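Single-letter residue listing:
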Amino acid sequence: MMTLATTRVVIIGAGPAGIRAAETLAQAGLRPILVDEGRLPGGQGYRRPSAGLALDMDALLGTQAAKYRALHARFAELAPAIDYRPETLAWAVHEGTLHVARDGAAATLPFDALLIAAGAADRVFPVKGWTLPGVFTLGGAQVILKDQGCLIGRRMVFLGSSPLLSLAALQYRQFGADVAAICDTTPLREKLLAAPALAPAAATALRGLGYLARLRRDGVPMFSGTTPLAIEGRDHVEAVRFRLGDGEERVIACDAVAFGYGLKPETQLAELAGARFGYDPVFRLWGPNLDADGRARPGLYLAGDCAAIGGADAAEASGTLAALALLADLGGEVTHRERRDMPRLRREVARYRSFQKGLARAFAWPGSRGATAIADEVELCRCENVTAGDIRAAIAADLGPVDVNRVKAITRCGMGRCQGRMCGPALQEIAAAASARPLAEVGRLRGQAPVKPLAIGSAAAPA
Amino acid sequence: MTAGRGADTVVVGGGLVGCWTAFFLARRGQRVTLVDKGVVGAQSSGVNFGNLRLQGRFPGQYPLSLRAQALWEDLPGLIGEPCEYDRCGHLYLAMNDDEKRKLDGYAEVSASYGLDIEHVGPAALQQRWPWLGGKVVAATYSARDATANPRLVTPAVARAARRAGATIIENTRVTEIERRGDDFLVRTEAGDDIPCRSLVNAAGAWAADIARWFGEDTPLFPAGPPQFVTEPFPYRIVPSVQTIDGTVIMRQIPRGNVILAGYPRTAVDPVGNRAPVPPAKTLAGMYHLGQLVPMLRDCHVIRVWSGIEGYLPDMLPVIGASAGTPGLFHAFGFCGHGFQIGPGVGLCLSELIVDGSTATPLDPFAISRFDRPVAVSEKLGREFDPRTAH
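Reference entry: report on the structure contained in this document. Since the structure is predicted, the reported quantities are computational estimates derived from the model, not experimental observations.

1. Structural notes on unusual backbone geometry
Cis peptide bonds are those with omega within 30 degrees of zero, and the linkage from A:Ala449 to A:Pro450 qualifies with -10 degrees. Within the secondary structure, A:Pro450 sits in the loop between α14 (424–434) and β24 (454–455). For the bond from B:Tyr263 to B:Pro264, the omega torsion is 5 degrees, close enough to zero to count as cis. Relative to the helices and strands, B:Pro264 is located in the loop between β16 (258–261) and α9 (279–292). If you check the backbone angles, A:Arg412 has positive phi at about 75 degrees while not being a glycine. Along the chain, A:Arg412 falls in the loop between α13 (404–411) and α14. Notably, B:Cys83 is not glycine yet its phi reads approximately 55 degrees, a positive angle.

Here you go:
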């Protein structure tokens, strides 16, 4: 019989959701295995600087610094009670076993229950020149700053549509970068219309407005409703060309660009573990089907941004919630703590996620109109060098594909190293626009193992 | 609805064989309608390794195989698209003396059908293909062997068939086939009734159902060919390479990626249309590849895939006329070896249908062989995961 002490629970991801889940399980007497790709716990938002690097995290994180410290303190306390495995890549899930690779060697972790807290990735939308050296995603630019204390450039343009635009710009300013411009693609009018939808997390919204006020006070040029035309340069970024809402074209010189259009859940492992997916018309993405506690199917729980974009606070709450659900499913009887905490956590998670839906309106994804505007020669899949024009030509051919997996088979778009994590959302938009179908009808790129590249030498002789 | 849809021949199944059959029939002036439950080339035709291997085939298949290779060699001329056809040669490797005897036996058969097989000893191997690991004791090389991109070929053949006048209907399941005198009436889920004189059952892993509608039982079972591909790196490995024991079947494409297939073939679910790749199988393939080509050990695998193929216990396909129903022709159960012979099968079927006969011997592939118990191939024990349904 399965008892709490012998139940094998594996958690993937040591960000706020994974840490809170591990804490909850450890408190109940389990010793979960916590697998994480990073060298240090914290995930992306609460990433700790590399050892030996004295970064002023208070300056970098501002009002969020206290939460950052609290989470890391909790983890330090928790560490002896769990089996923490950093620098471990989870690359496949198959029939109750997680397949990992660590130090160049593949290994297996059989489990009774799996809790995935794999986080989110940047959502990018291609523009001419986006593959030039010096162009980073917003999240990538922040990682370099927090992890290494490095700047991606001296004179930067922040481009796209994301609440991270202003946050990352402020962080880079604090570390000495000159912010040449923030080019937000969502018009101010649409932001104002989205304002009521931000009410569920007014404090977070106000924090965002505070960032903007500081940037304005510091005289950082900010534009909204812009249309990016090109990132220009010969061998490296030299300028960003864009159009203002009134049609005027601007060129701003810079040596680095950070760009992004919000986040998307990292769902490949959940898919391999058997989660089902549904289309979300607000985010224009496919997400895992879950109940309010994060159950995807028996024995499979999702928490944090990989379940639904919610941000760090939602991640902490949903990590605890999913772990409580797991305990309830194991024990059969609902403990005092579950009865007391689960309803509150459910409300909290729902509130943060509904706020994110508001944010998705205030920082709009370029969508169908944006996809139509991408020129044929713009590269969409940088792993396989597939252009928007290649996609359109394949779809226009006799017996041409409609489903994006078929588009991938014909054009190689999404077949490379990143397995479509980078180009997938834009591919869906281009495919839908080119075939004149609703986005939901062209589907989504199916996940396949290995979720991330796996060295051939990591396999041992088969038993 | 039947208006305008009458056909001389209906082909059920838009895989490689079905599409080539439709192509050649249309070129002979037939009115052909091809119906597929999904899209053309989506199943084993689209996910296989892409091998156009000539050496080491079943002896009775050589006339068909060589005929097919000549068609592959004229691919742009036939269908107007090159589909990454690449006459890269095929290297067959023996790792011990037992395997060397087997290799020599294959070579003798291949040579007897006029194939130019070159025997290469260990010293010459190291010189010509220095990336090979040290344990190979003997090899044969066949320069005429080739590869093509399976994802591109079938849609291209279907397009060419359409240009030649064939009707291609995708995303439509055939629900029923009625015998009407000497003719057939093919009913689809879209409510179309398509009358025809001849019927081709090229429904791949789903073909046994159609054969059964006409009282012909075959022990067809599904299995999948799990494969993986690496990130690209400089192009060094020109021939496709196969160890006799089947643990490594690999090729590098000129853009740099290495593709690996290799036994065992694994369990699939044709009802749910799922062909999972067990990670243990991926790891085993990685290990064997790293042993055979040590320079690849630092390369990364980036993707795996599989598909649903139809197999028969004697590891031979069914190709030819129905034993009991005049006008019905079968072509299925290609046992993971259908890609290379695909165009030849299509051409032979078109001849059977239009001319009533073909000069290419197809006797070993008659469906009537299943009237009696067939000899089970030793490959069933060797090439398959025990969990496949055989």
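There's plenty left to go through after this.
2. Topic: the environment of A:Arg276
Mapped onto the secondary structure, A:Arg276 falls in the loop between α8 (268–272) and β18 (277–280). In this structure, the C-alpha to C-alpha distance between A:Arg276 and A:Gly457, residues 181 residues apart in sequence, is 33 Å.

3. Notes on the packing of helix α9 (residues 311–331) of chain A against helix α10 (residues 336–362) of chain A
Residues and elements named next belong to chain A. Two numbers describe how α9 lies on α10: the axes approach to 9 Å, and their chain directions differ by 145 degrees. Of the two elements, α9 crosses α10, and the hand of that crossing is left-handed. Here Gly 311, Asp 313, Ala 314, Ala 317, Ser 318, Thr 320, Leu 321, Leu 324, Ala 325, Leu 327 and Ala 328 of α9 lie close against α10, whose contacting residues are Arg 337, Glu 338, Asp 341, Met 342, Leu 345, Arg 346, Glu 348, Val 349, Tyr 352, Arg 353 and Gln 356. For the contact of α9 with α10, the residue count by class is eleven nonpolar, four polar and seven charged.

4. Let's talk about the environment of A:Arg8
Residues and elements named next belong to chain A. Following the sequence through the fold, Arg 8 ends up in the segment before β1 (9–12). Here Arg 8 falls in the partly exposed class, since its relative accessible area comes to 40%. When the C-alpha positions of Arg 8 and Pro 187 are compared, they lie 50 Å apart, and in sequence the two are 179 residues distant. For Arg 8, the contacting residues outside a window of four places in its chain are Pro 110, Phe 111, Asp 112 and Ala 113.

5. Some words on the packing of helix α12 (residues 388–396) of chain A against α13(A)
All names here are of chain A. Interaxial distance between α12 and α13 falls to 10 Å at its minimum, and their mutual angle equals 105 degrees. In this view, α12 runs roughly perpendicular relative to α13, as classed from their interaxial angle. From α12, Asp 390, Ile 391, Ala 394 and Ile 395 reach across to α13, where they touch Val 407, Ile 410 and Thr 411. Here the residues of the contact of α12 with α13 are counted per class, giving five nonpolar, one polar and one charged.

6. Considerations on the interface of chain B and chain A
Across the contact, 41 residues belong to chain B and 33 residues belong to chain A. Roughly 3100 Å² is buried in total at the junction of chain B and chain A, and carbon and sulfur atoms are behind 60% of that figure. Viewed at the interface, chain A and chain B are joined by five salt bridges. Two residues, A:Glu95 and B:Arg387, come together in a salt bridge whose shortest N-O distance is 2.8 Å. For the interface between chain B and chain A, the tally reads 14 residue pairs in polar contact (both at pLDDT 80 or more).

7. A look at the packing of aromatic side chains
Counted according to the given criterion, the structure contains 21 aromatic pairs over all chains. Here the basic side chain of A:Arg351 rests over the ring of A:Tyr352, its NZ or CZ set 5.0 Å away from the ring centre. When the ring centre of B:Phe184 is taken as origin, the NZ or CZ atom of B:Arg179, which lies over that ring, is 4.4 Å away.

8. Here's the deal with the sheet that holds strand β2 (residues 33–35) of chain A
Residue and element names in this part refer to chain A. Strand order in this open sheet of six strands is β3-β2-β1-β7-β21-β20, and the pairing throughout is mixed. Of all the strands in the sheet, just β3 (83–85) and β20 (295–297) have a single pairing partner and so form its edges. Each adjacent strand pair in this sheet contributes to an overall mean axis angle of 20 degrees, direction not counted. This element, α9, spans β1, β7 (113–116), β20 and β21 (300–302) of the sheet and lies at about 160 degrees to β21.

Rules behind the numbers
As a convention, each chain's residues are numbered from 1 in the sequence order in which they are written. Throughout, the order in which chains and ligands are written sets their labels, letters from A for the former and numbers from 1 for the latter. Under the rules for a predicted model, residues below a pLDDT of 70 receive no local features and side-chain atom pairs below 80 are neither given nor counted, while totals for whole chains, interfaces and linings still include all residues. The side-chain quantities take in all heavy atoms of the structure and omit both hydrogens and water. Helix and strand labels come from DSSP, where a helix needs a run of H or I of at least four residues and a strand needs a run of E of at least two; each type is numbered from the N terminus. Between N-to-C directions, angles span 0 to 180 degrees; the directions come from axes that are lines fitted to C-alpha atoms, helices contributing only their stretch in contact. Helix crossings are classified by the rotation of the near helix relative to the far one: an anticlockwise turn of less than a right angle makes the crossing left-handed, while a clockwise turn makes it right-handed. Residues count as neighbours in contact if any of their non-hydrogen atoms are within 4.5 Å of one another. Ten residue types, Ala, Val, Leu, Ile, Met, Phe, Trp, Tyr, Cys and Pro, are classed as nonpolar, four, Asp, Glu, Lys and Arg, as charged, and the remainder, Gly among them, as polar. Between buried and exposed lies partly exposed: a residue is buried under 20% and exposed over 50% of the maximum accessible area for its type, with that area taken using a 1.4 Å probe on protein chains only. When an angle is under 35 degrees it counts as roughly parallel; over 145 it counts as roughly antiparallel; between 65 and 115 it counts as roughly perpendicular; any other value is oblique. By buried area we mean the combined loss of accessible area, with a 1.4 Å probe, across both parts when two parts are placed together. Every case where a carboxyl oxygen of Asp or Glu lies within 4 Å of a side-chain nitrogen of Lys or Arg is listed as a salt bridge. Whenever a nitrogen or oxygen atom comes within 3.5 Å of another N or O atom, the pair is scored as a polar contact, on the condition that within protein one atom can donate a hydrogen and the other can accept it, and that pairs from neighbouring residues in sequence are kept only if both atoms are in side chains. Note on aromatic pairs: the rings of Phe, Tyr and Trp (six-membered ring only in Trp) are paired at centre separations within 6.5 Å, and the planes decide the class, stacked below 30 degrees, edge-to-face beyond 60, tilted for the rest. Any Lys NZ or Arg CZ that is within 6 Å of a ring centre and within 35 degrees of that ring's normal is treated as a charge sitting over the ring. At least two DSSP bridges between two strands are required for those strands to pair.

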